[in-house]
Each structure stands twice: as C-alpha cells, then as structure tokens.
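The chain contents come next:
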Amino acid sequence: QVQIVESGGDLVQPGGSLRLSCNASGSIVSIYTITMNWYRQAPGNERELVATITDTGSTNYADSVKGRFTISRDNAKNLVHVHLQLNSLKPEDSAIYLCNAQLDVTGKDFWGRGTQVTVFS
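(A) Looking closely at the state of the cysteines. One pass over the structure, following the stated rule, counts one disulfide. Across a sulfur-sulfur distance of 2.0 Å, Cys22 and Cys99 are joined as a disulfide pair. In this structure, the disulfide formed by Cys22 and Cys99 twists by about -80° around the S-S bond and is classed as left-handed. Residue Cys22 is located in strand β3 (residues 18-25), and its partner Cys99 is located in strand β9 (residues 95-103); the two are separated by 77 residues in the primary sequence. Relative accessible area serves as the criterion here: at 0%, Cys22 is assigned to the buried category. Look at Cys99 and you get buried, because its relative accessible area is 0%.

(B) View of the pattern of salt bridges. For the structure on display, the rule yields five salt bridges. Close ionic contact of Arg40 with Asp93 constitutes a salt bridge, the shortest N to O distance being 2.9 Å. Here Asp93 lies in the loop between β8 (79-86) and β9 and Arg40 lies in strand β4 (residues 34-41), a separation of 53 residues in the sequence. The pair formed by Arg40 and Asp93 is uniform in burial state, with each residue classed as buried. Note that Asp55 and Arg73 form a salt bridge whose closest N and O atoms lie 3.6 Å from each other. With Asp55 in the loop between β5 (48-53) and β6 (59-61) and Arg73 in strand β7 (residues 69-76), this residue pair connects regions lying 18 residues apart in the sequence. For Asp55, a relative accessible area of 30% corresponds to the partly exposed category. A relative accessible area of 14% places Arg73 in the buried class. Through salt bridges with shared partners, one network takes in Arg40, Glu48, Arg68 and Asp93.

(C) Fine view of the nonpolar core. Core analysis: the biggest nonpolar cluster contains 34 residues, and Met36, Trp38, Leu84 and Tyr97 have the highest contact counts within it. Going through the elements one at a time, β3, β4, β5, β7, β8, β9 and β11 (115-119) are the ones with two or more residues in this core. Element by element, the count of residues in this core is highest for β9, at five residues.

(D) Molecular detail of the pairing of β3. As paired strands, strand β1 (residues 3-7) and β3 are joined by five bridges and run antiparallel to one another. Its bridge partner being in β3, Ser7 is matched across the sheet by Ser21. One ladder, built from eight bridges, connects β3 with β8; its direction is antiparallel. Looking at the pairing, Leu20 lines up with Leu84 of β8.

Rules used in this analysis
- The numbering scheme is per chain: residues are counted from 1 as the chain's sequence reads.
- Only residues with pLDDT of 70 or above have their local features reported here, since the model is predicted, and side-chain atom pairs are shown and tallied only from 80 upward, although totals for entire chains, interfaces and linings are computed over all residues.
- Excluded from the side-chain calculation are hydrogens and water; included are all heavy atoms of the structure.
- Disulfides are defined in this document as cysteine sulfur pairs within 2.5 Å.
- What counts as a helix is a DSSP run of H or I of at least four residues, what counts as a strand is a run of E of at least two, and both are numbered from the N terminus.
- A simple rule labels every residue: compare its accessible area, found with a 1.4 Å probe on the protein chains alone, to the largest value its type can have, and call it buried under 20%, exposed over 50%, or partly exposed in between.
- Any carboxyl oxygen of Asp or Glu that lies within 4 Å of a side-chain nitrogen of Lys or Arg is treated as forming a salt bridge with it.
- Working definition of a nonpolar core: buried Ala, Val, Leu, Ile, Met, Phe, Trp, Tyr and Cys residues. They are joined through side-chain atoms within 4.5 Å.
- Pairing between two strands requires that DSSP report at least two bridges joining them.

Structural data, given as structure tokens:
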C-alpha cells in the first residue's frame, strides 16, 4: 500500500502563486519505481492530468499549465515527496488538486484526498 497526503491548497488572487506538496509513503515506495502525477478536478469537469514526474525525474505538463507550473520530487527511504509550484494563477486553475502515485511495474494507482485551490478576484 501507498499512503498519499496532499497539502498547500489555499485561496489566492489571479497572478498569485502556491506550492502544493504531496507525501507518498509506505514500504512499497522503496521497492518499486513510481511515477507521480498531479491531477485536478473542478465542479462539473472531468479529472485532468496536470503534471507528471517519473522516478528518473522526467516531467510532462498539460498544455494549459506549461510555463506556469513546475513539478519536482525527492526520493527517500519509504517516502516520495512531490511538489507542484503554481505560478501566474488564473481563475480557471481553481479545482481540487489530487496527487497520484502509479507503480511502474503494475500500473496500480494510489490516490490522495486532494487539496483545494481557489483563484478569485
């Protein structure tokens, strides 16, 4: 099992910044390589993949956030720590941001409960 806990969501004005954090913990984290993802979901919208970082540090972003969001990770024993830096925020970035860990060998997913980001004028 992998336990996922997110933090860092807040209310922020357009143009502002936030730093989201995600801790993925469990003994399995040190056994398998894991790709970490940030998704977001706004009311009435489908869940959207925002950013991905592999075990080797390769990253990928949704077109809507390229140049504004940055994903990073630190690997430790039984723990993966992932950050998502959100800059130049827009009202359309408002959503629940969910951290996801996917085991590379099996594709099995683990999810956190999410952290709310609200961008308002």
